[in-house]
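These are the residues of each chain, in order.
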Amino acid sequence: MKYNISNNGYYGDFGGAYIPEMLYPNVEELRQNYLKIMAEPSFKEEFNQLLKDYVGRPSPLYFARRLSKKYNTKIYLKREDLNHTGAHKVNNTIGQILMAQRLGKTRIIAETGAGQHGVATATVCALMGMECIVYMGEIDIARQAPNVARMKMLGAKVVPALSGSRTLKDATNEAIRDWINNPINTHYIIGSVVGPHPYPDMVARFQAVVSEEIQWQLKEKEGKTTPDYVVACVGGGSNAAGAFYHYLENTNVKLIAVEAAGKGIHSGESAATSVLGREGIIHGSKTLLMQTKDGQITEPYSISAGLDYPGVGPMHAHLYKTGRAEFISITDDEAMTAGLELSQLEGIIPAIETSHAFAIFDHKKFKADDVVVINLSGRGDKDLQNYIDYFKL
Amino acid sequence: MNRINQKLKEDKKLLSIYFSAGYPNLNDTVSIIENLEKNGVDMIEIGLPFSDPLADGPTIQASSTEALKNGMTTEVLFNQLKDIRKTVTIPLIIMGYFNPMLQYGVEAFCEKCQQTGIDGLIIPDLPVDVYNERYKATFEKYGLINVFLITPQTSIERINFIDSISNGFIYMVSSASVTGSSSGFGDEQTNYFKRIKNMKLKNPQIVGFGINSNETFNQATLSAKGAIIGSAFIKHLSKKGVNTIHEFVSGILR
């Protein structure tokens, strides 16, 4: 069994490029060039340099002593929350802005839900002096005001998505429409391992720096490159793809993907795609997605804006279907409690997305000598208001 | 012979109209089709609404959303159309996104189309290569013509490939845009229409996107076999309702 992508752009049954003909030249140009460009020495050098000097990589792999003691296992945290802009998202946007430059593009578009990817995109556009347009659902704009302000301060134009449910999936639709309308000069920086091939693979490769570092960092600390478990939260799935990447084909390393159950898997307000989704097509990719019996895409719910996407990336659909990864669904309440616990045991306030990954200990028991790496994908500054409201702080 | 092929043999420029099934009202579908035929329209694209229509501009997005709110589903549409061939003889095409068809079952969908008297399909997000490898045999088994899009950015090799696996017409998208966003054609479009005409493809071309008037219809059909109007017709339905279809069609064909 192979878990990484095939030559024709599929993870098992999932992936591909189900796109209108209007997008074909753009996507095809990217498909033909992305691996070549990523292999160029000058590209690698610039990418690595920026990750080091601008993003602040490598991010530490931190042994969480008190958390480990409480759950009687060895827990390491991969500190993506310490990256510039506060999450793993910037690994991908750095890679894609360099890709866009080499493709001769001058205008950047992106979608964003909570605003983290929008901020990471606006940041690299400022860095490179490129025009930046970020599509964001009208409803998300209202509930993520600080990130909207950040994007504007960074010089990006934030365009409200007014169609459909006016959230992340509609922002993605609007970005795709923009790309159809501007096929020559524009590059679309997708924020997760979703969309038509080659996006899921390209984004996974840019995020793969996470597991690449885990390997040598763990070697220093534990004398081996492989943990027993890697745990990450999954919305579209980019931080999980990065944390899993170098372990995909090594089945001694168990992978745990944590989804948002919202108010409960069967409450009607959930984003647990592996349980509630069926195979179908969303944003140009064949994958698991939440939809009606009739094939209309439905609106997910989670307290964390970064996890309420109605699909998962095709890699994760494949990991789920083959059983390579274990999928666990965590409710809003469980996630919030876990976020508070991490804050008070380790002095780290996580993003609410990330908090979901810390809530698995009631669902999954580990042995005392298990090495468990949790990808701490983002910091909680952006979620402070949500924590305040929830805990009445 | 498939009604589409028969129609394409007629010595005239063809007017094809797109509308979203279930809009403005759920049960307008049949009367819109009958009215269009009565007023001289040559071919109809029945839009199967989708929650996330990537290739469509605001007008068709809105009519699709409204149609879904009205209760339109694949099953409802087939029920509405079950007796359509008792009254309507012009070619009928279902245009929709791939996911609802995939959920219905591609073979079941094609079989139902044949039983209903549907002549062809336009599925913007079903890529040419996937169709060719996985679905072509099924479409052909049920006598359905699948129509592909080309755009000003489509390469010559790809146009030739699309021509080779098409057996009806080629949907020529007038400019790099989503539906309903262009106003009028310039030199760029005219040159593109001519360039395609000079390729002498085996399939005739019908132009879509950006046609909204007698003038744009005539410009488009100078080189092409026909033209498709969608957003402009839906705007007309929104403003003036189903009973004034004759006004719209005569405005285009005057």
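Computed from a predicted model, the values in this text were never measured in an experiment.

Analysis parameters
Residues numbered from 1 in each chain as written. Chains lettered and ligands numbered in written order. Predicted model: local features only at pLDDT ≥ 70, side-chain atom pairs only at ≥ 80, totals over all residues. Heavy atoms only, no water. Helix = DSSP H or I, 4+ residues; strand = E, 2+ residues; numbered from the N terminus. Rg over C-alpha atoms; globule rule 2.2 N^0.38 Å. Buried < 20%, exposed > 50% of the residue type's maximum accessible area, 1.4 Å probe, protein only. Contact = heavy atoms within 4.5 Å. Areas by Shrake-Rupley, 256 points an atom, 1.4 Å probe, with all protein chains shown as cover. Pairing = 2+ DSSP bridges. Right-handed = clockwise from strand over helix to strand, strands pointing away. Phe/Tyr/Trp six-rings, centres within 6.5 Å; stacked < 30°, edge-to-face > 60°. Axes fitted to C-alpha atoms, helices over the stretch in contact; angles between N-to-C directions. Core = buried A, V, L, I, M, F, W, Y, C linked by side-chain atoms within 4.5 Å. Domains from an automatic or database assignment. Arc of directions from axis to C-beta. Salt bridge = Lys/Arg side-chain N within 4 Å of Asp/Glu carboxyl O. Parallel < 35°, antiparallel > 145°, perpendicular 65-115°, else oblique. Left-handed = near helix turned anticlockwise from the far one by under 90°.

Things to note about the overall build of chain A
On a plain count of helices and strands, chain A comes out with 16 helices and 14 strands. Since a compact globule built from 393 residues should have a radius of gyration of about 21 Å, the 19 Å found for chain A is in line with a globular shape. Buried residues in chain A amount to 65% of all 393 residues. Excluding contacts between residues fewer than 6 apart, the proportion of contacts in chain A whose partners are at least 24 apart in sequence is 74%. Entry remark: accessible area of chain A is about 13,800 Å², with carbon and sulfur atoms responsible for 51%.

Details of the pairing of strand β5 (residues 107-112) of chain A
Residues and elements named next belong to chain A. Extensive coverage of β5 is indicated by the burial of 6 of its 6 residues. Alternating residues of β5 divide into R107, I109 and E111 and I108, A110 and T112, and every residue in both groups is buried. Here β5 pairs with strand β6 (residues 131-137) via 6 bridges, running parallel. When the sheet's bridge partners are listed, I108 is paired in β6 with C132. Of the crossover connections in this fold, the one passing from β5 over helix α5 (residues 116-128) to the parallel β6 is right-handed. Bridge count between β5 and strand β8 (residues 186-189): 4 bridges; the pairing is parallel. In the sheet register, I109 faces β8, and the bridge partner there is Y188.

Points about the packing of aromatic side chains
Residues and elements named next belong to chain A. Inspection of the entire model under this criterion finds 25 aromatic pairs over all chains. Measuring from centroid to centroid gives 4.7 Å for Y229 and F366, while their planes differ by 85°, and the two rings are edge-to-face. Of this pair, Y229 sits in strand β9 (residues 229-233) while F366 sits in the loop between α15 (352-357) and β14 (371-375), and the two are 137 residues apart along the sequence. In this pair, the class of Y229 matches that of F366, namely buried.

Section: the sheet that holds strand β10 (residues 254-262) of chain A
All names here are of chain A. Here we have 6 strands laid out as an open sheet, ordered β3-β4-β14-β9-β10-β13, and mixed in their pairing. Every interior strand has two partners, whereas the edge strands, β3 (61-63) and β13 (325-331), have only one. The mean inter-strand angle of the sheet, taken between neighbouring strand axes irrespective of direction, is 25°. Pairing of β10 with β13 involves 7 bridges; the strand directions are parallel. Looking at β13, one finds that E259 is bridged to S329. Together, β3, β4 (74-78) and β14 form the strand contacts of helix α10 (residues 209-222), whose direction differs from that of β4 by roughly 140°. Along the sheet face, helix α14 (residues 332-346) touches β3, β4, β10 and β13 and points at about 95° away from the line of β13.

Here's the deal with the nonpolar core
In this structure, F244 of chain A together with L36, I46, F98 and F233 of chain B are the most contacted members of the largest nonpolar core, which totals 186 residues. Split by domain, the residues of this core number at least three in each of domain 1 (21-50 + 89-203) and domain 2 (57-87 + 208-391) of chain A. Contacts of F98 of chain B, omitting those with residues within four sequence positions, involve Y18 and I281 of chain A together with V106, I123, D125, L126 and Y135 of chain B. Core analysis: the second largest hydrophobic core is formed by 28 residues, Y229, A260, I330 and L342 of chain A among them.

Section: helix α10 (residues 214-221) of chain B
Every α-helical turn comprises 3.6 residues, leaving residues that sit three or four positions apart pointing alike. Residues and elements named next belong to chain B. Here α10 has its buried residues at N214, T216, F217, A220 and T221. Each buried residue of α10 lies within a common arc of 170° when the element is viewed along its axis, so the set occupies one face. For α10, the secondary structure elements touched by its buried residues are β1 (14-20), α9 (187-197), β8 (205-208), β9 (226-229) and α12 (245-253).

Some remarks on the pattern of salt bridges
Two side chains with opposite charge may pair up if their charged atoms get near one another. All names here are of chain A. In this structure the tally under the stated criterion is 37 salt bridges over all chains. As a salt-bridge pair, E341 and K70 come within 2.7 Å of each other at their nearest N and O atoms. With E341 in helix α14 and K70 in helix α3 (residues 65-71), this residue pair connects regions lying 271 residues apart in the sequence. Assessed through its relative accessible area of 18%, E341 is described here as buried. Between D308 and R143 there is a salt bridge whose closest N-O contact spans 3.5 Å. You can see D308 sitting in the loop between β12 (285-289) and α13 (314-322) and its partner R143 sitting in helix α6 (residues 138-143), a full 165 residues away along the chain.

Some points on the sheet that holds strand β6 (residues 149-150) of chain B
Residue and element names in this part refer to chain B. Taken together, the 9 strands give an open sheet; going across it, the order is β5-β4-β3-β2-β1-β9-β8-β7-β6, and neighbouring strands pair in parallel fashion. A strand with exactly one partner marks an edge of an open sheet, and here the two such strands are β5 (145-147) and β6. Sheet topology places strand β2 (residues 43-48) next to strand β3 (residues 92-96); 5 bridges connect them, and they run parallel. Paired with L48 across the strands is G96, a residue of β3. Those strands touched by α12 are β1 and β9, and its axis lies near 145° from that of β1.

Concerning the packing of helix α3 (residues 58-69) of chain B against helix α11 (residues 231-240) of chain B
Residue and element names in this part refer to chain B. Where α3 contacts α11, the axes come no closer than 9 Å and their chain directions differ by 55°. Considered as vectors, α3 and α11 are oriented oblique to each other. Between α3 and α11 lies a crossing whose hand is left-handed. Here T59, I60 and S63 of α3 come into contact with α11, specifically with S231, I234 and K235.

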